[in-house]
Amino acid sequence: MRRSGTLARQVLLVRVGRRGAELHGATDVLPEPRYQDRPRRRYGLKRFHRTGMETISPVSPLVGPVTVNTPVVPAPAPGASSATPAPLLPGERTPARRMKFALVNACTLASLLLGINAIFVAMQGEVRLAALLLIACVAFDGLDGALARKLGVSSPFGAQMDSLADMCSFGLAAPVVVYASLAGSAPTAAAAVAAALVAACAAIRLARFNVSPNDGRFFSGVPTTMAAAVLALMVVIGMPVPGAVQIAGVALLAFTMVSSFPYAKLARLVKLPPWVWLAPVIGALIDVRLTFGLIVIGYLVSGPVLWLRQRRTIV
């Protein structure tokens, strides 16, 4: 606006000068010299020479400035990526590998479908049957990963499929089963809050697992698969505890999923000496509910204990 004002003043001076020339008989009257170089002094000589189409023609931020003899390349659509899509099955695409790939993803889909059916069954009041379907989801979830590694058909597509199936089976079906099991023994609002906590923490846990580096020794927080297995077994066994205690236990289990405490993986637990497994087996024969509760509490406590041990080692 200041530049346009300066140019306007120059035009007015020229017109006034011409009119004065007509009155006094002069042939040519130029504007005062002190106004001629003002754009050069204010904006610099080079910028003054560039003032033209660049200052008034809009430039799209997606296309960029257009010069002479330069072909215009259409901008990609918003959200589109110029990178080539990754193949579903990396490596050699032989019929045998495709069959193996289909088998692994069939296990993942079986876990997904079992989780959906667990929701339907829980809505009909068959809570224990729904919990058994959740346990079957846990079995298929562990089977697809083991088969993918053994058959050599691991892929980013399979990892994403597994994460989505886990969210359906363990992030949605498990809270529905828990909510149905707490009906009548706990306040409805408290049961709804506990179930919502499980769903929210499972989503956070799965999203964090997808973007975090994988540690071969420990989980960062309780995995959603193990949390769903604990909840399903709790429903199948029928823990004889008040509803308020069950809600507190469900909320605690949900928060451990998003915690940063290190928890040992199942592969490390299997490698423990055989005599360590003797006590749980004997305890299950005596009182399966008490043994189950002690095992769950021991595993949940192991995370903070390992975390404190690691901090002392670092210090």
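Everything numeric here is computed off the predicted structure, so don't read it as measured data.

K.L.:
Before we move on, could you go through the overall build of the chain and cite the residues and values that matter?
P.N.:
Broken down by element type, the chain carries 14 helices and two strands. Within the chain, the proportion of its 315 residues that are buried is 31%. Taking the contacts inside the chain whose residues are at least 6 apart along the sequence as the reference set, 76% of them involve residues at least 24 apart. Here the chain displays about 20,600 Å² of accessible surface, and carbon together with sulfur accounts for 68% of that area.

K.L.:
Before we move on, could you go through the nonpolar core and cite the residues and values that matter?
P.N.:
Formed by 46 residues in total, the largest nonpolar core has its most connected members in Leu-134, Val-177, Val-222, Leu-231, Val-250, Met-257 and Phe-292. With nine residues, helix α10 (residues 224–237) is the largest single contributor of residues to this core. Among the nonpolar cores identified, the runner-up in size contains five residues, and Leu-89, Phe-101, Ala-148 and Val-153 belong to it.

K.L.:
Requested: an account of the layout of surface pockets, with residues and values cited.
P.N.:
Roughly 410 Å³ of volume is contained in the second largest pocket. Contributing to the lining of the second largest pocket are 17 residues, with Met-234, Val-245, Gly-249, Val-296 and Ile-297 lying nearest its centre. Among the residues forming the lining of the second largest pocket, the class breakdown is 14 nonpolar, three polar and no charged.

K.L.:
Please set out helix α7 (residues 127–151) residue by residue, giving values where relevant.
P.N.:
Taking 1.5 Å per residue as the helical rise, α7 with its 25 residues ought to reach 36 Å, and the 36 Å between its terminal C-alpha atoms agrees with that figure. By the burial criterion, the buried members of α7 are Val-127, Ala-130, Ala-131, Leu-133, Leu-134, Cys-137, Val-138, Asp-141, Asp-144 and Ala-148. Remark: Gly-152 follows α7 within two positions and exhibits a positive phi of approximately 70°.

K.L.:
So what about the confidence of the model for the chain? Which residues, and what values?
P.N.:
Chain-level pLDDT for the chain is 77 on average; 71% of the residues reach the 70-or-more range. Predicted confidence is poor over residues 11–35, with pLDDT under 50, and the contacts of this stretch with residues over four places away or in other chains come to nine contacts. Low pLDDT, under 50, characterises residues 39–73; the stretch is placed with 18 contacts to residues that sit more than four places away or in other chains.

K.L.:
Please set out the side chain of Arg-97 residue by residue, giving values where relevant.
P.N.:
Mapping Arg-97 onto the fold places it in helix α6 (residues 95–123). Residue Arg-97 is classed as buried on the basis of its relative accessible area of 18%. Within the local environment of Arg-97, its side chain forms a polar contact with the backbone oxygen of Gly-152, the two atoms lying 3.0 Å apart. Discounting residues that sit within four places of it in the chain, Arg-97 has contacts with Leu-89, Pro-90, Gly-91, Glu-92, Gly-152 and Val-153.

K.L.:
Before we move on, could you go through the packing of aromatic side chains and cite the residues and values that matter?
P.N.:
Using the criterion set out here, one finds three aromatic pairs in the structure. Taken together, a centroid distance of 5.7 Å and an interplanar angle of 65° make the contact between Phe-261 and Trp-307 edge-to-face. In this pair, Phe-261 is assigned in the loop between α11 (243–257) and β2 (262–264) and Trp-307 in helix α14 (residues 288–314), connecting sequence segments 46 residues apart. Residue classification places Trp-307 among the partly exposed positions, given a relative accessible area of 31%.

K.L.:
Could you give an account of the packing of helix α9 (residues 188–211) against α11, naming the residues involved and the relevant values?
P.N.:
Geometry of a packed helix pair, given as the angle between the helix axes and the separation of the axes. Put simply, α9 and α11 touch, their axes get as near as 8 Å, and they point 15° apart. When the axes of α9 and α11 are compared, the pair comes out roughly parallel. In this structure, the crossing between α9 and α11 has a hand that is left-handed. Judged by residue contacts, Ala-190, Ala-191, Ala-194, Leu-197, Val-198, Cys-201, Ala-202, Arg-205 and Arg-208 of α9 engage Ile-247, Val-250, Ala-251, Ala-254, Phe-255 and Met-257 from α11. Classifying every residue of the contact of α9 with α11 by side-chain character gives 13 nonpolar, no polar and two charged.

K.L.:
A description of a nonpolar patch on the surface should follow, citing residues and the corresponding values.
P.N.:
Together, Leu-278, Val-281, Ile-282, Leu-285 and Ile-286 make up an exposed nonpolar region whose accessible area comes to about 550 Å². Looking at the secondary structure, you find Leu-278 in helix α13 (residues 274–286).

K.L.:
Give me α6: which residues, what numbers.
P.N.:
With 29 residues, α6 extends 42 Å between its outermost C-alpha atoms, agreeing within 8% with the 42 Å of an ideal straight helix rising 1.5 Å per residue. Trailing α6 by a residue or two, Gly-125 shows a phi angle of about 95°, which is positive.

K.L.:
Provide a residue-level description of the side chain of Gln-246, including the pertinent values.
P.N.:
Mapping Gln-246 onto the fold places it in helix α11. Apart from residues lying up to four places away in sequence, Gln-246 is in contact with Leu-182, Met-239 and Val-241.

K.L.:
So, the packing of α7 against helix α8 (residues 156–182): which residues are in play, and what are the values?
P.N.:
At a minimum axis distance of 10 Å, the contact between α7 and α8 shows a crossing angle of 160°. When the axis of α7 is compared with that of α8, the two are roughly antiparallel. For the element pair α7 and α8, the recorded crossing hand is left-handed. Residues Val-127, Ala-130, Ala-131, Leu-134, Cys-137, Val-138, Asp-141 and Asp-144 of α7 form the contact with α8, whose participating residues are Asp-162, Asp-166, Ser-169, Phe-170, Ala-173, Ala-174, Val-177, Ala-180 and Ser-181. Tallied by class, the residues present in the contact of α7 with α8 amount to eleven nonpolar, two polar and four charged.

What counts, and where the lines are drawn
- Residues numbered from 1 in each chain as written.
- Predicted model: local features only at pLDDT ≥ 70, side-chain atom pairs only at ≥ 80, totals over all residues.
- Heavy atoms only, no water.
- Helix = DSSP H or I, 4+ residues; strand = E, 2+ residues; numbered from the N terminus.
- Buried < 20%, exposed > 50% of the residue type's maximum accessible area, 1.4 Å probe, protein only.
- Contact = heavy atoms within 4.5 Å.
- Areas by Shrake-Rupley, 256 points an atom, 1.4 Å probe, with all protein chains shown as cover.
- Core = buried A, V, L, I, M, F, W, Y, C linked by side-chain atoms within 4.5 Å.
- 1 Å grid on protein atoms, 1.4 Å probe; cavity = no way out; pocket = protein on both sides within 12 Å on 5 of 7 lines; lining within 4 Å.
- Points joined across faces, edges and corners; volume = space filled by probe spheres on them.
- Nonpolar A, V, L, I, M, F, W, Y, C, P; charged D, E, K, R; others polar.
- Expected span 1.5 Å × (residues − 1).
- pLDDT = per-residue confidence, 0-100.
- Polar contact = N/O pair within 3.5 Å; in protein donor to acceptor, adjacent residues only side chain to side chain.
- Phe/Tyr/Trp six-rings, centres within 6.5 Å; stacked < 30°, edge-to-face > 60°.
- Axes fitted to C-alpha atoms, helices over the stretch in contact; angles between N-to-C directions.
- Parallel < 35°, antiparallel > 145°, perpendicular 65-115°, else oblique.
- Left-handed = near helix turned anticlockwise from the far one by under 90°.
- Patch = residues over 30% accessible without salt bridge, like charges linked within 9 Å, V, L, I, M, F, W, Y side chains within 5 Å.
- Salt bridge = Lys/Arg side-chain N within 4 Å of Asp/Glu carboxyl O.

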